Amino acid sequence: MGRKQSFTETELLDTTKKLVLEYGYDGFHLKLLSQHLSGARSTIYQYYSNKEEIVAACMKRVMATVLANASAIDEADSMDALEQLLLVYVEESALHQLLGNAAKINTANSSAAARDLEFIEEAHKTLKIQLSRLFERAQQEKILRQDIPLPVLIGVFFNLIDTPNMLNIPVPAWGKLLFQMWIGGAKS
């Protein structure tokens with residue numbers, strides 16, 4: 001008798017995310033996924049038809065969370081909003097690593113994967129518009145230096161997301177520390 005279904009779609013996508021981050025898209029396969037779930041491999045197919053659909057759905061779910069959290073930020077104070085936005089990105093710091101695999105997904109065999117990747121692209125555009133709007137406003141309000149081109153300010157801001165948290169500081173405090181470092185620099 002085979003194993004019974006004992007995992008949810010959320011568990012399936014959480015495990016997919018973990019494994020894609022650990023093994024990369026090329027190292028991820030359904031057999032590996034089934035080895036990390038407490039249920040029959042065939043249960044995976046009750047949710048998704050193939051590897052492409054699972055990974056694309058995983059990416060979409062992560063992006064949807066980031067988009068929802070970013071959209072909920074009060075933008076009345078541009079610098080506070082930028083700090084909150086950095087925290088949203090730091091909380092899901094593996095997003096860029098995960099989305100780096102999007103180009104590897106062959107959508108020819110899966111319209112569901114194609115739709116999920118289309119959602120991701122549109123969400124990415126929305127986030128970019130929000131970030132640019134906040135940076136432009138902060139510069140117009142003369143809160144940010146105007147002698148540094150906007151793409152440089154934004155680029156350094158984004159690089160904060162990949163800063164390793166070697167001190168294992170809780171994510172909210174880590175995001176705040178990174179923002180303080182970005183806004184104030186290292187100079188005393």
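The numbers attached to residues start from 1 for each chain and follow its sequence in the written order. pLDDT decides what is reported in this predicted model: residues at 70 or higher carry local features, side-chain atom pairs at 80 or more are listed and counted, and totals for whole chains, interfaces and linings draw on all residues regardless. Heavy atoms throughout the structure, all of them, feed into the side-chain values; hydrogens and water do not.

The subject of this paragraph is the layout of surface pockets. The distinction between a cavity and a pocket rests on a 1 Å grid over the protein atoms alone: a 1.4 Å probe fits inside a cavity but cannot get out, while a pocket stays open yet meets protein on both sides within 12 Å along at least five of seven lines, and a residue with an atom within 4 Å of a point counts as lining. Grid points are joined across faces, edges and corners, and a volume is the space filled by probe spheres set on the points. Computed from the structure, the largest pocket encloses a volume of approximately 230 Å³. Contributing to the lining of the largest pocket are I143, L144, R145, I148, V152, L153, V156, W182, I183, G184 and G185. Taken as a whole, the second largest pocket holds about 190 Å³ of empty space. For the second largest pocket, the full set of lining residues is M63, Y89, L95, H96, L99, H124, L127, K128, L131, S132, I154 and F158. The helix and strand labels rest on DSSP assignments: H or I over at least four residues marks a helix, E over at least two residues marks a strand, and numbering proceeds from the N terminus. Where the lining of the second largest pocket is concerned, the elements lending two or more residues are α6 (95-99), α7 (111-140) and α8 (150-161). A per-element tally of the lining of the second largest pocket places α7 first, with five residues. Tallied by class, the residues present in the lining of the second largest pocket amount to eight nonpolar, three polar and one charged. Here the term charged refers only to Asp, Glu, Lys and Arg, the term nonpolar to Ala, Val, Leu, Ile, Met, Phe, Trp, Tyr, Cys and Pro, and the term polar to all other amino acids, Gly among them.

Glancing now at the pattern of salt bridges. A pair is scored as a salt bridge if a Lys or Arg side-chain nitrogen falls within 4 Å of a carboxyl oxygen belonging to Asp or Glu. By the definition in use, this model includes ten salt bridges. Linking K17 and E92 is a salt bridge whose minimum nitrogen-to-oxygen distance equals 2.5 Å. On the criterion of sequence distance, the pair formed by K17 in helix α1 (residues 9-27) and E92 in the loop between α5 (78-91) and α6 is long-range, its members being 75 residues apart. Any residue under 20% of the maximum accessible area for its type is buried, any over 50% is exposed, and the rest in between are partly exposed; the area is computed with a 1.4 Å probe on protein chains only. Residue classification places E92 among the buried residues on the basis of a relative accessible area of 16%.

Coordinates in, geometry out; function isn't part of it.
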